[in-house]
Number of protein chains: 2
Amino acid sequence: MTRQPNPSKAPTLTSIARSLGLSPATVSNVYNHPERVSTSVSERVLAAADAVGYAGPDPVARQFRRGKSETIGIVFTDEMSFALRDPASVSLLAGLSTALQDAQLNLLLLPAGSPVGNSRVSNVMGAVVDGFVFYSVPEDDPHLAAALKRRLPIVVVDEPEVVGDADWLGLDDHLAAADLGRYLSRLGHRKVGVITSRLGRSRHNGPADEEMWKNAVYPVQRNRIHGLREGLFGAEVGSIAVEERFENSVDAGLTALHALLQRDPDITAVCCFGDVLAIGALEGARQRGLSVPGDLTVTGFDDVPEAARAGLTTVRQPLFEKGRIAGEMLLSHPFSDRPRRRYLPTSLEVRSTSGRPNSNSM
Amino acid sequence: MTRQPNPSKAPTLTSIARSLGLSPATVSNVYNHPERVSTSVSERVLAAADAVGYAGPDPVARQFRRGKSETIGIVFTDEMSFALRDPASVSLLAGLSTALQDAQLNLLLLPAGSPVGNSRVSNVMGAVVDGFVFYSVPEDDPHLAAALKRRLPIVVVDEPEVVGDADWLGLDDHLAAADLGRYLSRLGHRKVGVITSRLGRSRHNGPADEEMWKNAVYPVQRNRIHGLREGLFGAEVGSIAVEERFENSVDAGLTALHALLQRDPDITAVCCFGDVLAIGALEGARQRGLSVPGDLTVTGFDDVPEAARAGLTTVRQPLFEKGRIAGEMLLSHPFSDRPRRRYLPTSLEVRSTSGRPNSNSM
DNA sequence: CTGAAAGCGCTTACAG
DNA sequence: CTGAAAGCGCTTACAG
């Protein structure tokens, strides 16, 4: 006896076979290829199984034997509960789950918290999956490196931008932000603030100077800041006040708005790199007695369902579709080909939180 | 050769061992018990593994050998993408994931769509998990029956109310709804409408008469209607107009509100059995030019994050906690004991969508 | 510190 | 339609 579990009590396919004087192969066929077995034998087997409480072939053993897990793992930057608090990543998850469900695959949620202190770099190494989706992890993420080693199909969503053999799916964040910048510029905004989620690995909340965002390990945020500035100022020089928050939450958006306006009261527009942050910023503006968009323009990113209800002007991206397409890319993964890159379109949804700046603040 | 995958190409623990003149046991120890192996051997093994692209012991084989999957499955009523569109179930999921992460377990999302047409009742039978959480599935759900057969720990959240050996976690829905009813009654409401998500298995959208909700396979909704009526009318007779929607969405709440008020224009309060429905109902009231709460009181259930932002009066339940506790109950599952039952508290959060009915509608 | 042996529960060609 | 045989890749006591 070399295995503790199943203290020679629980019935197995073999024990059922033996008790009936059949071969394990036949019992296996009853479950896997009923058409190859006579109905009388089939019935005897099922009855015996029922009698001893055998629920069918052990899933782990079957999976082991077959070499397939029929499961895809998704890895987030963060603790899972953080990812699930963000409606944007939840939409992505919903889209992914739809694609997988169509293909009869299960979805395994893998948190990419800090690596465990063992020899195993991360639970990514031990995850029983046939492929991975990585959602918005930083450059040089150790879990991603570990997954790459396993030579399973991988689709990276958003970031990092380039990853060995993995397929990539994301946005042209530079372009999207530049469009937004041009729109704000046309409205007359010159003093613009940015509220961004984390730029680096450290738990930093506060102003982020140019050096900080140029060195961000999250290229998405980096590209957006660059793009926004280009759209606002073109070839001119012009500075943007950037406020960083490690967490992506309503409360983070709220405190960031206060910090930004305290730092520079002349700001007439605040661009949030996520609708959840923007909803918090709107609340902050309310607290300060600022009318939106009269005194302050606030914009978001993503276009989550609540954005429309809040009247938020935002950069829309097809999050559900993104998840669905990530799933499809994974399912159609062409081994031995060059990695694929796919860009999804964005669009500016102008609603009621953006407008011309007040003349007195110009 | 009896296994197609791995066309005798991919390195295995054994092949590494052989190439180094070591035993598989030693190579295994390098990965699982490094302290039992000399550093020189360890280094040789790791170098050889790296050279041939061996990413460590195959997770499926290890899991098979160990007999544990370190994974918990969660089963929803619906397609996964529906569950993920509802912030209430997402909060639950977040709480569950937190509990599991603390215990180093993974979370597998199992959709409980229509059973597949095979001999296997559902993917629940084949899911590689050490336990299940069932979230709000109907009475006599086939997936739940299948899971029960597997004799793994199970925690049922909300419904069904009683399930063989499974633990149960939920609310006193009757009491919660009765509290709400008493509150509305005190305000002076007599004509009250209900917007509920599905009561039965069939895809029904429309009025639900008393027979329909008394026979609901979702006891939660049944109990809430009973409780609400008791709170409103006590021992008196009094009827409530119930509008059923198969889906739990903003749009469903919106169309249900219109249907309800078209059916009975004298209704002064609408109770929604979910905040998402209530947000839709608020939108419907807006479309009809009704002021809230002046012309119409609207209440929700759950207290999702957006509820507070929308000023929604609602019955709060601790959703994140519910998920976390479900996880803890699963982890502490006492085999051979009586199934446990645990009730979580609810509270009425009075905000700005409820008030006295207009005198002219009384 | 290292190795030989046993075996986890199942499925797959193949032969009869 | 049924069975004998092989083997998936690994880990665990145990002995040396």
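For the structure, see preceding data.
Analysis parameters
- Residues numbered from 1 in each chain as written.
- Chains lettered and ligands numbered in written order.
- Predicted model: local features only at pLDDT ≥ 70, side-chain atom pairs only at ≥ 80, totals over all residues.
- Heavy atoms only, no water.
- Helix = DSSP H or I, 4+ residues; strand = E, 2+ residues; numbered from the N terminus.
- Rg over C-alpha atoms; globule rule 2.2 N^0.38 Å.
- Buried < 20%, exposed > 50% of the residue type's maximum accessible area, 1.4 Å probe, protein only.
- Contact = heavy atoms within 4.5 Å.
- Areas by Shrake-Rupley, 256 points an atom, 1.4 Å probe, with all protein chains shown as cover.
- Lys, Arg positive; Asp, Glu negative; His and termini not counted.
- Charge placed at Lys NZ, Arg CZ, Asp CG, Glu CD.
- Least-squares fit on C-alpha atoms with pLDDT ≥ 70 in both.
- Expected span 1.5 Å × (residues − 1).
- Buried area = accessible area lost by both parts, 1.4 Å probe.
- Salt bridge = Lys/Arg side-chain N within 4 Å of Asp/Glu carboxyl O.
- Polar contact = N/O pair within 3.5 Å; in protein donor to acceptor, adjacent residues only side chain to side chain.
- Pairing = 2+ DSSP bridges.
- Right-handed = clockwise from strand over helix to strand, strands pointing away.
- Axes fitted to C-alpha atoms, helices over the stretch in contact; angles between N-to-C directions.
- Parallel < 35°, antiparallel > 145°, perpendicular 65-115°, else oblique.
- Left-handed = near helix turned anticlockwise from the far one by under 90°.
- Nonpolar A, V, L, I, M, F, W, Y, C, P; charged D, E, K, R; others polar.

Caption draft 1: A look at the overall build of chain A. Scanning chain A from terminus to terminus reveals 15 helices and 13 strands. Compactness check: chain A gives a C-alpha radius of gyration of 26 Å against a globular reference of 21 Å for 362 residues, more than 25% above the reference. When the backbone C-alpha atoms are referred to their principal axes, chain A occupies close to 95 × 40 × 35 Å. Residue burial in chain A is summarised as follows: out of 362 residues, 55% are buried. Nonlocal contacts in chain A, meaning residues at least 24 apart in sequence, comprise 69% of its contacts between residues at least 6 apart. With the model as given, the accessible surface of chain A reaches about 15,500 Å², and the carbon-plus-sulfur share is 50%. Across chain A, the mean location of the 39 positive side-chain charges is 6 Å away from that of the 42 negative side-chain charges.

Caption draft 2: Focus on the relation of the copies chain B and chain A. Placing chain B over chain A gives an RMSD of 0.0 Å and needs a rotation angle of 180 degrees, together with 0.0 Å of translation along the axis. Expressed as a symmetry operation, the mapping of one chain copy onto the other fits a two-fold axis. In terms of proximity to the rotation axis, the leading residue of chain B is Leu108(B), whose C-alpha is 2.2 Å off the axis. A share of 100% of interface residues in chain B that are also interface residues in chain A marks the association as one of identical surfaces.

Caption draft 3: Fine view of unusual backbone geometry. Here the bond from Val292(A) into Pro293(A) is cis, since omega is 10 degrees, no more than 30 degrees from zero. Along the chain, Pro293(A) falls in the loop between α13 (275-287) and β10 (297-302). Phi at Gln104(B) is positive, roughly 60 degrees, even though this residue is not glycine. Turning to its location among the elements, Gln104(B) is positioned in the loop between α6 (87-102) and β2 (106-111). Positive phi, close to 55 degrees, is recorded for Arg151(B), a residue that is not glycine. Here Arg151(B) is to be found in the loop between α8 (142-149) and β4 (154-157). A relative accessible area of 58% places Arg151(B) in the exposed class.

Caption draft 4: Looking closely at helix α11 (residues 219-233) of chain B. Residue and element names in this part refer to chain B. For α11, spanning 15 residues, the distance from its first C-alpha to its last is 21 Å, which sits close to the expected 21 Å at 1.5 Å a residue. Buried within α11 are the following residues: Pro-219, Val-220, Gln-221, Arg-222, Arg-224, Ile-225, Gly-227, Leu-228, Gly-231, Leu-232 and Phe-233. Within two residues after α11, Gly-234 carries a phi angle of roughly 60 degrees, on the positive side.

Caption draft 5: A look at the interface of chain B and chain A. Taken together, the 52 residues of chain B in the interface contact 52 residues of chain A. Here chain B and chain A share an interface that buries about 4,600 Å² over both sides, 56% of which is from carbon and sulfur atoms. Here chain B and chain A share four salt bridges between them. The residue Arg309(A) makes a salt bridge to Glu306(B) at a minimum N-O spacing of 2.7 Å. Run the count over chain B and chain A and you get four residue pairs in polar contact (both at pLDDT 80 or more).

Caption draft 6: The pairing of strand β9 (residues 269-272) of chain B, seen in detail. Residues and elements named next belong to chain B. Side chains Ala-269 and Cys-271 project from β9 onto one buried face, and the interleaved Val-270 and Cys-272 project onto a second face that is buried too. The pairing of strand β6 (residues 192-197) with β9 spans four bridges and is parallel. When the bridges of β9 are listed, Gly-193 appears paired with Val-270. Examined bridge by bridge, β9 and strand β10 (residues 297-302) share three bridges and lie parallel to one another. Within β10, the position partnered with Val-270 by the bridge is Val-298. Viewed along the sheet, the connection from β9 through helix α13 (residues 275-287) into β10 turns out right-handed.

Caption draft 7: The arrangement of the pairing of strand β1 (residues 71-76) of chain A in detail. Residue and element names in this part refer to chain A. Taken across its six residues, β1 has six buried, putting it largely inside the fold. The side-chain alternation of β1 yields two buried faces, one formed by Thr-71, Gly-73 and Val-75 and the other by Ile-72, Ile-74 and Phe-76. Examined bridge by bridge, β1 and strand β2 (residues 106-110) share five bridges and lie parallel to one another. Paired with Ile-72 across the bridge in β2 is Leu-107. Relative to strand β3 (residues 131-135), β1 runs parallel, the two sharing five bridges. Note that in β3 the partner of Ile-74 across the bridge is Val-133.

Caption draft 8: Highlighting the packing of helix α12 (residues 250-263) of chain B against α13(B). Residue and element names in this part refer to chain B. Between α12 and α13, whose axes approach to 6 Å, the crossing angle comes to 50 degrees. One finds that α12 runs oblique with respect to α13. As for how α12 packs across α13, the hand of that crossing is right-handed. Together, Val-250, Ala-252, Gly-253, Leu-254, Leu-257 and His-258 of α12 and Val-276, Leu-277, Ile-279, Gly-280, Ala-281, Glu-283, Gly-284, Ala-285 and Gln-287 of α13 make up the contact between the two elements. Class assignment of the residues belonging to the contact of α12 with α13 gives a composition of nine nonpolar, five polar and one charged.

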